[in-house]
Amino acid sequence: MATDINNNFDLESDAISEVHGIKFGLVVSAWNKSITDNLYDGAYKTLLKYGAKNVNIKKIEVPGSFELIYGCKKMQNSDVDVIIAIGCIIKGETDHYNYICQSVSNGITQLNIINNIPIVFCVLTDHNVQQSINRSGGKHGNKGIESAVAAIKIACIK
Ligand code: DLZ
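Rules of the game
Numbering of residues begins from 1 in every chain and follows the order in which that chain's sequence is written. For this predicted model, a pLDDT threshold of at least 70 governs which residues receive local features, and a threshold of 80 or more governs which side-chain atom pairs are given and counted, while totals over whole chains, interfaces and linings are taken from all residues. Derived side-chain values reflect all non-hydrogen atoms in the structure, with water molecules and hydrogen atoms excluded from consideration. Nearness is defined per residue: one heavy atom within 4 Å of the molecule or strand is enough. Think of a polar contact as two N or O atoms within 3.5 Å of one another; within protein, one of them needs to be a possible hydrogen donor and the other a possible acceptor, and neighboring residues in sequence only count if both atoms come from side chains. Per-residue and other accessible areas follow the Shrake-Rupley method at a 1.4 Å probe size, with only the shown protein chains counted as cover for residues. Each helix corresponds to a stretch of at least 4 residues labelled H or I by DSSP, and each strand to a stretch of at least 2 residues labelled E; elements are numbered beginning at the N terminus. Note on ring pairs: Phe, Tyr and Trp rings are taken, using the six-membered ring of Trp, and paired if centres are within 6.5 Å. Classes follow the plane angle, with under 30 degrees stacked, over 60 edge-to-face and the rest tilted. Any residue under 20% of the maximum accessible area for its type is buried, any over 50% is exposed, and the rest in between are partly exposed; the area is computed with a 1.4 Å probe on protein chains only. When checking whether two residues touch, look at their non-hydrogen atoms; a contact exists if any pair is within 4.5 Å. Any two strands are treated as partners once DSSP identifies two or more bridges connecting them. Angles here are taken between N-to-C directions and fall from 0 to 180 degrees, while the axes themselves are lines fitted to C-alpha atoms, restricted in helices to the stretch in contact. Each C-beta atom gives one direction from the helix axis, and the arc is the one those directions make. To form a nonpolar core, buried Ala, Val, Leu, Ile, Met, Phe, Trp, Tyr and Cys residues must be joined to one another through side-chain atoms within 4.5 Å.

J.: Explain the site of the ligand to me, please; I cannot follow it from the model alone.
T.: If you check the shell around the ligand, you find S29, W31, N32, G64, S65, F66, E67, C88, I89, I90, H96 and I100 and nothing else. The separation between a nitrogen atom of the ligand and a polar side-chain atom of W31 is 3.4 Å. In this structure, an oxygen atom belonging to the ligand sits 2.4 Å away from a side-chain N or O atom of E67. Calculation on the ligand without its partners gives an accessible area of 490 Å², and the protein chains cover 72% of this total. Contributions of two or more residues to the shell around the ligand are made by β3 (82-90) and α5 (96-114). Per element, the largest residue contribution to the shell around the ligand is 3 residues, and it comes from β3.

J.: Would you mind showing me how to read the packing of aromatic side chains here?
T.: Two numbers describe a pair of aromatic rings. These are the distance of the centres and the angle of the planes. Counted according to the given criterion, the structure contains 1 aromatic pair. Ring geometry for Y40 against Y44: centres 5.6 Å apart, planes inclined by 15 degrees, an arrangement best described as stacked. Taken together, the positions of Y40 and Y44, both in helix α3 (residues 33-49) and 4 residues apart, correspond to about one turn of that helix.

J.: When you look at the side chain of T36 in this model, what are you seeing that I'm missing?
T.: Tracing the sequence through the fold places T36 in helix α3. Taking the relative accessible area as the measure of exposure, T36 reaches 0% and is therefore buried. Within the structure, T36 has its side chain in polar contact with the backbone oxygen of S29 (distance 2.8 Å). Apart from residues no more than four positions distant in its own chain, T36 is found in contact with V28, S29, W31, I86, G87 and C88.

J.: Looking at this structure, how should I read the environment of G25?
T.: Here G25 lies in strand β1 (residues 24-29). Under the relative-accessibility criterion, G25 is labelled buried at 0%. With near-sequence residues (within four places) excluded, G25 lies in contact with K58, M75, V80, V82, I83 and I84.

J.: Honestly, the sheet that holds strand β2 (residues 57-62) in this entry has me stumped. Any pointers?
T.: Sheet strands line up and pair through hydrogen bonds in the backbone, either parallel or antiparallel. Here 4 strands make up an open sheet; going across it, the order is β2-β1-β3-β4 and the pairing parallel. Each edge of the sheet is formed by a strand with only one pairing partner; in this case those strands are β2 and β4 (119-126). Geometrically, the sheet is characterised by an average inter-axis angle of 15 degrees between neighbouring strands, direction not taken into account. The pairing of β3 with β4 spans 8 bridges and is classified as parallel. Paired with I89 across the two strands is T125, which belongs to β4.

J.: I keep staring at the side chain of S132 and nothing clicks. Help me out?
T.: Mapped onto the fold, S132 is located in helix α6 (residues 129-134). Residues contacting S132, with those up to four places away along its chain left out, are I35, C88, I90, L124 and D126.

J.: Sorry, what's going on with helix α4 (residues 68-76) here?
T.: Each α-helix turn comprises 3.6 residues. Residues three or four places apart therefore point the same way. Taken as a whole, α4 has its buried residues at L68, G71, C72, M75 and Q76. Projection of α4 onto a plane perpendicular to its axis shows the buried side chains occupying an angular sector of 140 degrees, all on one side. Looking at the buried residues of α4, the elements they touch are β1, β2, β3, α5 and β4.

J.: Help me out: how do you make sense of the nonpolar core in this one?
T.: Nonpolar side chains tend toward joint burial in soluble globular proteins. Membership of the largest hydrophobic core comes to 27 residues, with the highest contact counts inside it found for F24, L26, L47, I84, I86 and I152. If you list the elements that add at least two residues to this core, you get β1, α3, β3, β4 and α7 (143-155). At 5 residues, α3 tops the list of elements feeding residues into this core. When neighbours within four sequence positions are excluded, I84 is seen to be in contact with G25, L26, V27, A43, V120, C122, S147, A148 and A151. One finds L68, C72, C101 and V104 within the second-largest nonpolar core, a separate group that totals 18 residues.

Function cannot be read off these values alone, since they describe shape.
Shown next as structure tokens:
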């Protein structure tokens, strides 16, 4: 499994020393809210654990993952250094899942290319609810925690 070999989510001490000055923007989708709440909690607590200031963590909520693109664009135009996009897309009976997954990943990619405020991708794209539970505080960890570490690392790139 990818997460077993791709687990470089420790922080260098020099990165930790910079965290208190970094401004974080968390854009959270309300669709599948019980999952995205857990992802948000994981990210938020991890940022605090590494020294982020509460006043430097801004949150906006959007209705669904499709709206993460617009929410992140708005956040890029505010006073933040790095953004975490948090969502949970779960496959249903139709092709809707494919369109939303494609749109969100392409949209966030475009924003990362065009603008200078990096966006970390904390969007679960799962086949069923159990997979999402497993990745939002369950047996496969919490992707919100990993995303917070990624956000700190990318914000520290000179
Ligand atoms: C419509 C929809 C569906 C079917 N499934 C999800 C999902 O699994 N995860 C998610 O974040 N959002 C979903 N949405 C909502 C869309 O993202 C969007 O909010 C609506 O299509 C309105 O633009």
